[in-house]
Amino acid sequence: MSLDHVTTQSLITGTRLDLRTPSASDVSWIERFAGDARVARMTTTVPHPLPPGNAAAYVAAAHDPDRTEEVWAIDASRSGGAPLAGIVSLTQVGRGQSEIGYWIAPEAWNTGIASEAVRMLVEANPLGNCTIFASVFKDNPASARVLIHCGFEYIGDAEAVSVARDAVVPTWTYLKRYG
């Protein structure tokens with residue numbers, strides 16, 4: 001995989017985590033964690049089983065200058081954790097609006113890493129958003145708690161397709177307003 005002439009996301013540094021641009025060295029970590037059915041089933045876009053080459057293509061897409069999704073690797077190595085403990089992203093959905101998405105490695109569940117990573121990204125607001133939307137599957141209340149702890153407010157119910165489940169799944173929708 002060549003990452004020549006790439007545009008990288010900003011580095012966001014926290015107390016025990018760094019949010020950084022994914023790199024080729026993250027591919028095996030992404031394959032391991034995103035390939036876990038427990039992780040894939042809680043996302044809309046991660047297939048299960050994870051097809052060969054999917055993780056490498058994902059990292060390459062994170063460097064595409066024409067991307068509409070900004071992706072950060074959640075790096076917990078500074079605090080003794082994995083160099084990739086998950087992914088957090090912002091997908092542009094309109095002027096001044098993005099949708100946040102994230103997944104965390106099962107080994108890092110219930111450690112506060114998800115809340116810290118989301119809080120870091122929301123506070124940094126690297127895209128200068130006015131609002132950030134989020135949705136979580138109703139069978140994932142831990143993810144809903146992350147959003148609430150990070151200042152998101154519940155705005156309603158909806159549905160989303162889960163590729164891993166090959167099904168439409170009920171969701172809770174959240175919104176974070178700036179200003």
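Read on for an overview of the structure. (Residues numbered from 1 in each chain as written. Predicted model: local features only at pLDDT ≥ 70, side-chain atom pairs only at ≥ 80, totals over all residues. Heavy atoms only, no water.)

## What about the overall build of the protein chain?
Assigned secondary structure in the protein chain consists of five helices and eight strands. Going from N to C terminus, the protein chain has its helices and strands arranged as β-β-α-α-α-β-β-β-α-β-α-β-β. The dimensions of the protein chain, computed from C-alpha atoms along their principal axes, are 40 × 35 × 35 Å. Taking all 179 residues of the protein chain together, 46% fall into the buried category. Within the protein chain, counting contacts between residues at least 6 apart in sequence, those at least 24 apart form 64% of the total. A gap of 7 Å separates the mean positions of the 14 positive and 19 negative side-chain charges of the protein chain. (Helix = DSSP H or I, 4+ residues; strand = E, 2+ residues; numbered from the N terminus. Buried < 20%, exposed > 50% of the residue type's maximum accessible area, 1.4 Å probe, protein only. Contact = heavy atoms within 4.5 Å. Lys, Arg positive; Asp, Glu negative; His and termini not counted. Charge placed at Lys NZ, Arg CZ, Asp CG, Glu CD.)

## Some details on the nonpolar core
If you look at the biggest cluster of nonpolar residues, it comprises 29 residues, and the most contacted ones within it are L19, I74, I100 and F152. When residues of this core are assigned to their parent elements, the largest contribution, seven residues, is made by helix α4 (residues 113-124). In this view, F152 contacts I100, V118, V122, I132, F133, A134, L147, Y174, L175 and K176; residues no more than four positions away in its chain are not counted. If you look at the next biggest cluster of nonpolar residues, it comprises 18 residues, including V27, I30, A40 and V59. (Core = buried A, V, L, I, M, F, W, Y, C linked by side-chain atoms within 4.5 Å.)

## Thoughts on the sheet that holds strand β5 (residues 97-104)
Taken together, eight strands build an open sheet; the order of strands is β1-β2-β3-β4-β5-β6-β8-β7 and the sheet is mixed. The strands lining the two open edges of the sheet, one partner per strand, are β1 (12-13) and β7 (153-162). Across the sheet, helix α5 (residues 141-149) is in contact with β5, β6 (131-137) and β8 (167-177); its angle to β8 comes to roughly 10°. (Pairing = 2+ DSSP bridges. Axes fitted to C-alpha atoms, helices over the stretch in contact; angles between N-to-C directions.)

## A short note on unusual backbone geometry
Looking along the chain, the bond that leaves H48 and enters P49 is cis, with omega of 0°. Checked against the element boundaries, P49 lands in the loop between α2 (37-40) and α3 (54-61). One non-glycine residue, N110, lies in positive phi territory at about 60°. Relative to the helices and strands, N110 is located in the loop between β5 and α4. For N110, a relative accessible area of 82% translates into the label exposed. Positive phi values are uncommon outside glycine, yet N125 reaches one of about 40°. If you trace the backbone, N125 turns up in the loop between α4 and β6.

## Section: the packing of helix α1 (residues 27-34) against α3
At a closest axis distance of 8 Å, the pairing of α1 and α3 adopts a crossing angle of 120°. Looking at the two axes, α1 sits oblique to α3. Viewed along their axes, α1 and α3 form a crossing whose handedness is right-handed. Residues V27, I30 and E31 of α1 pack against A55, A56, Y58 and V59 of α3. When the residues that make up the contact of α1 with α3 are grouped by side-chain class, the tally is six nonpolar, no polar and one charged. (Parallel < 35°, antiparallel > 145°, perpendicular 65-115°, else oblique. Left-handed = near helix turned anticlockwise from the far one by under 90°. Nonpolar A, V, L, I, M, F, W, Y, C, P; charged D, E, K, R; others polar.)

## Let's talk about the side chain of T131
With respect to the secondary-structure elements, T131 resides in strand β6. By relative accessible area, which is 13% here, T131 ends up buried. Beyond its immediate chain neighbours, meaning those up to four positions away, T131 contacts G96, Q97, S98, L175, K176, R177 and Y178.

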